[in-house]
Every structure is written in C-alpha cells, then in structure tokens.
Amino acid sequence: MGLLFLGTPLQWDEAKQYADHVRTHGITQFLNIWDRLKDRYGDELLWGDEIEYMVAAFDDQEKNVKLSLRQTEILAKLQSIVNDIASDRSETRSVPTFHPEYGRFMLESTPGSPYTGEIRDLLAVESNMRYRRHLARKHLKTTEVPFTMTSFPRLGIPGVFTEPYFDPADAVSSHSLFLPEEITNPHARFPTLTANIRRRRGSKVAINLPLFIDDRTPRPFVDRTIPWQRNIYPEDPEAKNGAALLDHIYMDAMGFGMGCSCLQLTFQACNITEARRLYDALVPVAPLLLALSAASPLWRGYIADVDCRWDVVSGSVDDRTEEERGLKPLKESRFKIPKSRYASVSLYISEYWMNQPAYNDIDAPHDPAIFERLRNHGVDELLSRHIAHLFIRDPLVIFSETIHQDDTTSNDHFENIQSTNWQTLRFKPPPPNSPIGWRVEFRPMEVQITDFENAAFAVFIVLLSRAMLHFNLNLYIPISKVDENMARAQRRDAVRSEKFFFRKDVFPSASSRPSSVASSIPSSPISEHGGPIHVNGINGKEKKLRNCFPLPPRPDDAYFAGSVHEEYEEMTMVEIMNGKGTTFPGLLNLVYMYLDTLDVDDESRRRIEEYLDLIRRRTNGSLRTAASWIREFVRTHPAYKFDSVVSQEINYDLMVAIDEM
C-alpha cells in the first residue's frame, strides 16, 4: 500500500464535485511524464514481490483463532527497530519493509530494495520471504502468527472472530451486517474509501459466492447467520430484498475482498515499448496463474463452490451505479460499464505488429474527450484508449489538502484513478523525479501457504517473462477468451477439471521457431537500440536475466490464420504448461529453453528446477492447490457434519495445521 497521506478526506457528495478536476489534472500529470520519459530506454531489469500476511491470534483454551487487530502497534514496533533488524542480518542484503493494508489484521511486506537480473537474486527470493516472515513473527505476541492465507475462513461469522471483539452494529463506513468498523485500517483513506464506494453505488456492495452443496446441506440453503431483521442502517433490508441469493454465501462489505491476501510481482522494463509488450504477453497468462495458485475455498464460515478470491474482491469494490451496471437507462451516469474497478484487463496496449485489432473484442468504454486530448498530444491510439478507459472512473478518495497540485512535480491525481483500477495487470508510468522506469505489475495470483511455494511462483513468472521477450512469443488471444478463462480459473479444482483457451502456435513465424535449444541462443546478442550486449558467459550464454530484448520486424513468413478464432483452442492446463503438438512446446518448456540460454552453474540450476518442479506438479495434479487441500481438510475433519459449515473447532485445527507447515 505504500505511504499514506495524512489529511482531510472528502465525503462522496463533496468529493464528486472535484471528479472532473482530478481527471483533468491527472491526464496533465500523465502527459508531463510522457513528454519527459516516453523516449527513456536502457533501464535494467529490476523486480520485486509483495506479500500480504494476516495476523491471527490463537486461543488454545477456547480452541479458537481470531484475527488480531493490532496492525498499527505491530507496524510501529517494526519501524522502530529497523536499525536493530539491519544489525541482525548476517549478510548485506537490505532490510525488508512492512506496510499497512486495508484490513487492520494485515501486513504487507516487500524486499527492502529491488532484485536485479543476477541469478543469485533469483535464488534469494525464498530466503528473503522467510526472513520477512521471521521478522514479523519475532515482534508479535506469542499467541499471534503471521499467515500467508488468501482469506480467513470465518471472517464475518456471528460471534467472535477478531481480537479484540467489536460489534458489527457500529459499521458506520460499510453498514455491513457482518464486519465491524474496526476491521478496517484506521487511516482516514480506508473508511472513506469504504463509505464512498457505498454512497456512489447507491447501496452496499453485494457479493454472492455459490455454496458448496454437501450431503447434508439444507436445500434450498437460506443462511440463518444473516441478521435478516436488523434495522440500524438504511441498507439493512437489502439482504432480504434480494441482495442475498439462495444457495450462496452472501457478503456485503469491502473488507471481505480487500481483506484478502495475494502475491504480486512488479518488473521494470527497458523502456515503454518493452513494458507494453510484456504487459500484453502476461494478460493471457493471468487466469492460468490464478487457477494454479487457487487458495481460498472458505468464506464467512462456509465452504464455497469456487477456489479463488477474484470475484469476491471484484464485488467488494464495485462502485458502479445501477445505470452503469445496465440495470437502468443512462440518465445521470456517463457510461454503461461492463466491469467492476477490480477486474481482468480489458485492452491490449502494445503497438507491436502481433497485436491485431480483433484481439480487443470486448466493450471497453472510454472517455472520448480524454482520448481526443491524449491523441492530440501525440500519444498513440492504443495507449490513449487504455488511459481513457481507466479514466471513465471517478476518484473515490480526495483529500482537501491535495486538490490543487503542481502537475509538473506530482502524479497524485493520475494515481488516484490509475491505482484504483485494480486489474490483473497494471501498466505503471515512472513516478516524477525518480530513477524508476516504466513498469508492469502482475496481480492475479493468490498468496501461498509456504514461502517455498510463493518463491516458486515468483521465480516461474520472472523466468517466463524473460522467455516471452527472448523468444518474441505471440500469446495473443481475444480479450473475451481471457475473460472466459478468468471465470473458469475460479471454479472448483479448475487446474484438473477445466480447459482454457490458449494460442496454438506462440512463435511469430516458422523461421523463428527454435528447432533446438541451442538455436535459441543468440550468438551475438544485440540490444533493442542496436548496441551489443556483453554476455561474458560460456559459449555465448548470458550471465544474468536482462531487459532490452531485440524487437524484430514482422517476418515475411509471419503466420496469421484466416480468423483470429482459428489461432486458439481449448487446452488442458497440462497441455498449456507442457506442450501440445509440434507447434506449441508449453510454457514450462519455454522457461527451460530460456534457462538453457543462461550461464547457470549446476547447483543454481538444480535449485531453480526445484521451484519449476512445484509448478509442474501443480499442473499435473500430483501436488494439490491450497484450495483443494483446505477443502479436503475440512471435509475429512472428524467434527465436520457434511453441511458446508466450517465450525470454530475445524477452523482452529486447520490454522494449527497450516502453522505447522
């Protein structure tokens, strides 16, 4: 979440008066960055991860696990001992950092400084993650544990699920039937964000996950834990008036979604062109990694019939009005908007020849005035459309002290809207007056239970990103099929039971397809800017992961099917990862082929392959996803009554088992 501004937030009725002001100046700020840095190039590969923990408190006498709401105290303690932490380290790596998150029970952690392309950095990820967890746990109470779990199974159940206990009746920001006000980070940004989403929408958010129907689950399932008759806030009747669906798990607050934890990666690119190219290449991969990392089958004390958090978070911040959702004709709203602010990517943005117009095949409304302004300033059509699409949204939190800014030195208005478009990928311009370059953030993955698993996913995505650029892969499929894959990825046991749309041939032409691993190793690598790249490795192999890959022109034998619909097909996860036919080697094999272009010693290669083996085993089902393991743990627990309910006892034993891993 980073640094949080201290100021006076505006309530929605006042904030909406400044929406056009923020949009106008946000675009000005972007254009100032564009003018200064659109031609910037040559930035090295820097990358990092973000991991979110939830802190839980164990009550061994009551056999209960509750969320600890001591975030402020814990972070203050960690900040106060930074010097001590540095002196404790046995090596010269920088000290990890910890940040606040939406939930008062959450901590966000990042490496203290970015990783580089050095192989040793790739191999340091797991130890860095372990060290961060150790630091966090070291400064908690003896009864508290920092878990890397995507969702807390009993968040929002009747009774006690936080330490200390607070009554949901005082949920003055969310008006939730289930979550108290105190679940939210007390910084003014977060309760204001929660309240302004509700006020802008005109109702509470409504999240309904399909319930896993077990042998003794009542049918139809009418949730007796919903306080149907509560009458405190104007929105209280919404549940009984249709917001809560039969046979579903109903949730009504931002905290259910933004209280989830995830694993995210950010990459600095060589330049804006490479950043856009990488962004597009990762878009079709996002649903696959969501499915492979699935880790959240339990919600509000029930077993869901889905495995992932994505639709919960999407629904939890859905501020669209009834008009924007298409429930009423447009009258006061400007656009009908198909997706929540938290959603899958709607547009590819690269100008490279592989990106055909037919791939952007869904309705992605954009602000025509902003689009025209960007085009008139010299921004190309694809990027202009992307920015103008993001800027159909209103700013949700405005601080009175920051309404008027110096647009030449600030990007706060731009980031106000950019950073509250929570998509599977985020294209990130450089901050003003910063050495940081153009970046891409990869956002779909669920956080894993162990540091080894989180490191494995991080290493895999880093290597896959380099393979995409090194081999100049064409992974484009229509955005509509990416959206369909996102829906399939969240289904129960999707890795084994679902098929996903994927491209049949990922090489741009027959001549570019490596006939062997050796043929994929450039004998004399040339940077995108024409200069030689010094490899200093064995047999022309490179010593480190890098940026600035060659950007070949469209080959004469570039293959396009008669229709883009002939370029892809449904594949199993095994086929996508391990290959199918003679034209598609599979994503894992492409990573191995890329590894063979690097000068890596045997021990480092062995360790890297241990991480890749986890991905391979997840793919073929020999290693279950966390979601499958958690669901089976609950259903085989002696106290489980096959009624879809996760009791206090079951949850306690589950959390004990996870802590022992």
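To start, this report covers the structure provided alongside it. (Residues numbered from 1 in each chain as written. Predicted model: local features only at pLDDT ≥ 70, side-chain atom pairs only at ≥ 80, totals over all residues. Heavy atoms only, no water.)

**Brief notes about the side chain of T625**
Moving on, step 1. Here T625 is to be found in the loop between α21 (602-620) and α22 (626-635).
Moving on, step 2. Judged by its relative accessible area of 7%, T625 falls in the buried class.
Moving on, step 3. In terms of polar contacts, T625 uses its side chain to reach the backbone amide nitrogen of S628, at 3.1 Å.
Moving on, step 4. What T625 contacts, discounting residues up to four positions off in sequence, is A291, L292, A294, V495 and R618. (Helix = DSSP H or I, 4+ residues; strand = E, 2+ residues; numbered from the N terminus. Buried < 20%, exposed > 50% of the residue type's maximum accessible area, 1.4 Å probe, protein only. Polar contact = N/O pair within 3.5 Å; in protein donor to acceptor, adjacent residues only side chain to side chain. Contact = heavy atoms within 4.5 Å.)

**Quick look at the state of the cysteines**
Moving on, step 1. Inspection of every chain in the model, using the stated rule, returns 1 disulfide.
Moving on, step 2. A sulfur-sulfur distance of 2.1 Å marks the disulfide that ties C270 to C548. On the sign convention where negative means left-handed, the S-S torsion of about 90° between C270 and C548 marks this disulfide as right-handed. Of this pair, C270 sits in the loop between β9 (263-268) and α10 (272-282) while C548 is found in the loop between β16 (499-503) and β17 (568-572), placing the two residues 278 residues apart along the sequence. Of the two residues examined, C270 and C548, each falls in the buried class.
Moving on, step 3. With no disulfide of its own, C262 has C260 as its nearest cysteine by sulfur position, at a separation of 8.7 Å.
Moving on, step 4. Of the residues examined, C262 reaches a relative accessible area of 6% and is grouped as buried. (Disulfide = S-S within 2.5 Å.)

**Observations regarding the packing of aromatic side chains**
Moving on, step 1. The tally for this structure, following the rule as stated, stands at 22 aromatic pairs.
Moving on, step 2. The interplanar angle of 15° and the centroid separation of 5.7 Å between the aromatic rings of F427 and W438 together place this pair among those described as stacked. In this pair, F427 sits in strand β14 (residues 425-428) while W438 sits in the loop between β14 and β15 (439-442), placing the two residues 11 residues apart along the sequence. Take F427 and W438: they sit in the same class, and that class is buried.
Moving on, step 3. When the ring of W629 is compared with that of F633, the centres are 5.6 Å apart and the planes differ by 40°; the resulting orientation is tilted. Taken together, the residues W629 and F633, both in helix α22 and 4 residues apart, mark about one turn of the helix.
Moving on, step 4. Joined through ring pairs, the aromatic side chains of F30, W34, F391 and F414 make up one cluster.
Moving on, step 5. Lying over the aromatic face of F178, R300 brings its terminal NZ or CZ to 4.2 Å of the ring centre. (Phe/Tyr/Trp six-rings, centres within 6.5 Å; stacked < 30°, edge-to-face > 60°. Lys NZ or Arg CZ within 6 Å of the ring centre and 35° of its normal.)

**Description of the side chain of R276**
Moving on, step 1. Note on placement: R276 falls in helix α10.
Moving on, step 2. On the accessibility criterion, R276 (5% relative accessible area) is buried.
Moving on, step 3. Looking at R276, its side chain comes within polar contact range of the main-chain oxygen of I349, at 2.7 Å.
Moving on, step 4. Leave out the neighbours within four places in its chain, and R276 touches I349, S350, E351, D380, L382, L383 and F427.

**Brief notes about the nonpolar core**
General note: in soluble globular proteins, nonpolar side chains tend to be found buried as a group.
Moving on, step 1. The biggest cluster of nonpolar side chains holds 202 residues, and the ones touching the most others in it are F460 and L463.
Moving on, step 2. No other element matches helix α16 (residues 451-470), which puts 13 residues into this core.
Moving on, step 3. Formed jointly, this core draws a minimum of three residues from each of two domains, domain 1 (451-547 + 562-620) and domain 2 (626-660).
Moving on, step 4. If we skip the residues at most four places from it in the chain, F460 touches L289, M577, L588, V591, L612 and I615. (Core = buried A, V, L, I, M, F, W, Y, C linked by side-chain atoms within 4.5 Å. Domains from an automatic or database assignment.)

**A short note on helix α13 (residues 368-376)**
Moving on, step 1. For α13, the full list of buried residues reads I370, F371 and L374. Looking straight down α13, one finds that the buried residues subtend no more than 100° of arc, so they occupy a single side. Seen from the open side of α13, the exposed residues pointing more than 90 degrees away from its buried face are P368, A369 and N376.
Moving on, step 2. Where α13 is buried, its residues meet α2 (19-37) and α14 (381-390).
Moving on, step 3. The opening residue of α13, the one whose side-chain oxygen lies 3.0 Å from the backbone nitrogen of A369, is D367. (Arc of directions from axis to C-beta.)

**As for the environment of N578**
Moving on, step 1. Mapped onto the elements of the fold, N578 is located in helix α19 (residues 573-578).
Moving on, step 2. For N578, a relative accessible area of 25% puts it in the partly exposed group.
Moving on, step 3. Within the structure, N578 has its side chain in polar contact with the side chain of R616 (distance 3.2 Å).

**Some points on the packing of α16 against α21**
Moving on, step 1. Direction vectors running N to C along α16 and α21 enclose 95°, while the axes themselves pass 9 Å from each other. Comparing the axis directions of α16 and α21 gives the class roughly perpendicular. Across the interface between the two elements, F452, E453, A455, A456, F457, V459, F460 and L463 from α16 touch I608, E610, Y611, L612, L614, I615 and R618 from α21.
Moving on, step 2. Looking at the contact of α16 with α21 residue by residue, the class counts come to 12 nonpolar, no polar and 3 charged. (Axes fitted to C-alpha atoms, helices over the stretch in contact; angles between N-to-C directions. Parallel < 35°, antiparallel > 145°, perpendicular 65-115°, else oblique. Nonpolar A, V, L, I, M, F, W, Y, C, P; charged D, E, K, R; others polar.)

**Side note on the environment of S203**
Moving on, step 1. By secondary structure assignment, the location of S203 is in the loop between α7 (189-201) and β7 (207-210).
Moving on, step 2. Exposure remark for S203: the relative accessible area of 15% places this residue in the buried category.
Moving on, step 3. Through-space distance from the C-alpha of S203 to that of D35 is 41 Å; in sequence the pair is 168 residues apart.
Moving on, step 4. Here S203 is in contact with R198, E238 and R325, once residues within four sequence places are set aside.
Moving on, step 5. Separated by 3.1 Å, the side chains of S203 and R201 make a polar contact.

**With respect to the pattern of salt bridges**
Moving on, step 1. Applying the stated criterion across every chain, the model contains 50 salt bridges.
Moving on, step 2. In this structure, the salt-bridge partner of K16 is D13, at a minimum N-O distance of 3.9 Å.
Moving on, step 3. Relative accessible area serves as the criterion here: at 44%, K16 is assigned to the partly exposed category.
Moving on, step 4. A salt bridge links K544 to E118; the nearest nitrogen and oxygen atoms lie 3.8 Å apart. Of this pair, K544 sits in the loop between β16 and β17 while E118 sits in the loop between β4 (106-110) and α5 (119-122), and the two are 426 residues apart along the sequence.
Moving on, step 5. For E118, a relative accessible area of 24% gives the class partly exposed.
Moving on, step 6. Among the charged side chains, a network of salt bridges with common partners joins D20, R23, R200, D319, E324, R341 and D394. (Salt bridge = Lys/Arg side-chain N within 4 Å of Asp/Glu carboxyl O.)

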